[in-house]
Amino acid sequence: MSTIKQFQVTFDCAEPERVARFWCEVLGYVVSPPPKGFATWEEFDLSRSPEDRGSWFACGDPSGVGPRLFFQRVPEGKVVKNRVHLDVRVGTGLVGEERLATLEAECERLLALGAVRVRLLYDGTDSCIVMQDIEGNEFCLD
């Protein structure tokens with residue numbers, strides 16, 4: 001039996017490039033190169049039928065450590081809470097007020113990118129901020 005070494009996380013969305021670029025800003029990722037044979041994403045899109053243009057986009061960790069993120073256009077909108085979500089780990093190793101301050105600072109940065117703050121979970125030691133990306137997908141600042 002083989003062991004899986006890589007995986008990607010796929011997002012269903014209405015505007016793949018817009019959502020991908022949001023997550024690039026959140027995670028410090030970069031836009032993946034266009035498919036082979038194309039110098040730019042625009043050139044690739046122009047080679048496709050009008051209904052398929054902009055139907056997917058991808059980005060990845062420039063260090064190659066984190067998973068690739070893939071964004072695909074789907075016709076239906078988001079209706080219910082995600083069954084899987086990303087935890088953006090900005091407070092690892094911190095506790096109490098120091099952790100909370102770090103999460104709040106990152107929350108402010110992401111709000112400026114179009115994210116939405118849903119709620120703070122804080123018990124005096126551990127904390128997490130539940131947020132939504134620009135299309136309403138939940139994620140946590142952890």
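Residues numbered from 1 in each chain as written. Predicted model: local features only at pLDDT ≥ 70, side-chain atom pairs only at ≥ 80, totals over all residues. Heavy atoms only, no water.

1. Here's the deal with the UniProt feature "domain: Glyoxalase-like" (unreviewed entry) in the chain
Following the UniProt record, the feature "domain: Glyoxalase-like" (unreviewed entry) maps to residues 8–141 here. Spanning residues 8–141, this segment combines 26% helix with 29% strand, and its end C-alpha atoms are found 20 Å apart. (UniProt positions renumbered as here; feature names shortened; annotations may be inferred. Helix = DSSP H or I, 4+ residues; strand = E, 2+ residues; numbered from the N terminus.)

2. What about the sheet that holds strand β2 (residues 30–31)?
Taken together, the 4 strands give an open sheet; going across it, the order is β1-β4-β3-β2, and neighbouring strands pair in mixed fashion. With one partner strand each, in any of the chains shown, β1 (8–13) and β2 form the two edges of the open sheet. Strand direction decides the pairing type here: β1 and strand β4 (residues 68–73), joined by 6 bridges, are parallel. Within the sheet, the bridge partner assigned to C13 lies in β4 and is R73. (Pairing = 2+ DSSP bridges.)

3. Quick word on the packing of helix α1 (residues 16–27) against helix α3 (residues 96–112)
Their axes nearest at 11 Å, the elements α1 and α3 cross at an angle of 155°. Classified by the angle their axes make, α1 and α3 are roughly antiparallel. Between α1 and α3 the crossing geometry is right-handed. In this structure, α1 uses F22, E25 and V26 to contact α3, whose residues at the interface are E106, R109 and L110. Tallied by class, residues from the contact of α1 with α3 come to 3 nonpolar, no polar and 3 charged. (Axes fitted to C-alpha atoms, helices over the stretch in contact; angles between N-to-C directions. Parallel < 35°, antiparallel > 145°, perpendicular 65-115°, else oblique. Left-handed = near helix turned anticlockwise from the far one by under 90°. Contact = heavy atoms within 4.5 Å. Nonpolar A, V, L, I, M, F, W, Y, C, P; charged D, E, K, R; others polar.)

4. Overview of α3
Taking 1.5 Å per residue, 17 residues should reach 24 Å; α3 reaches 25 Å between its end C-alpha atoms and fits that length. Every buried residue of α3 is accounted for by G96, R99, L100, L103, E106, C107 and L110. In an axial view of α3, the angular spread of the buried residues amounts to 135°, which keeps them on one side of the axis. For α3, exposure combined with an orientation more than 90 degrees from the buried face picks out E97, E98, E108 and A112. Each element contacted by the buried residues of α3 is listed here: α1, β6 (116–122), β7 (127–132) and β8 (138–141). Looking one or two places after α3, you find G114, whose phi comes out positive at around 110°. (Expected span 1.5 Å × (residues − 1). Buried < 20%, exposed > 50% of the residue type's maximum accessible area, 1.4 Å probe, protein only. Arc of directions from axis to C-beta.)

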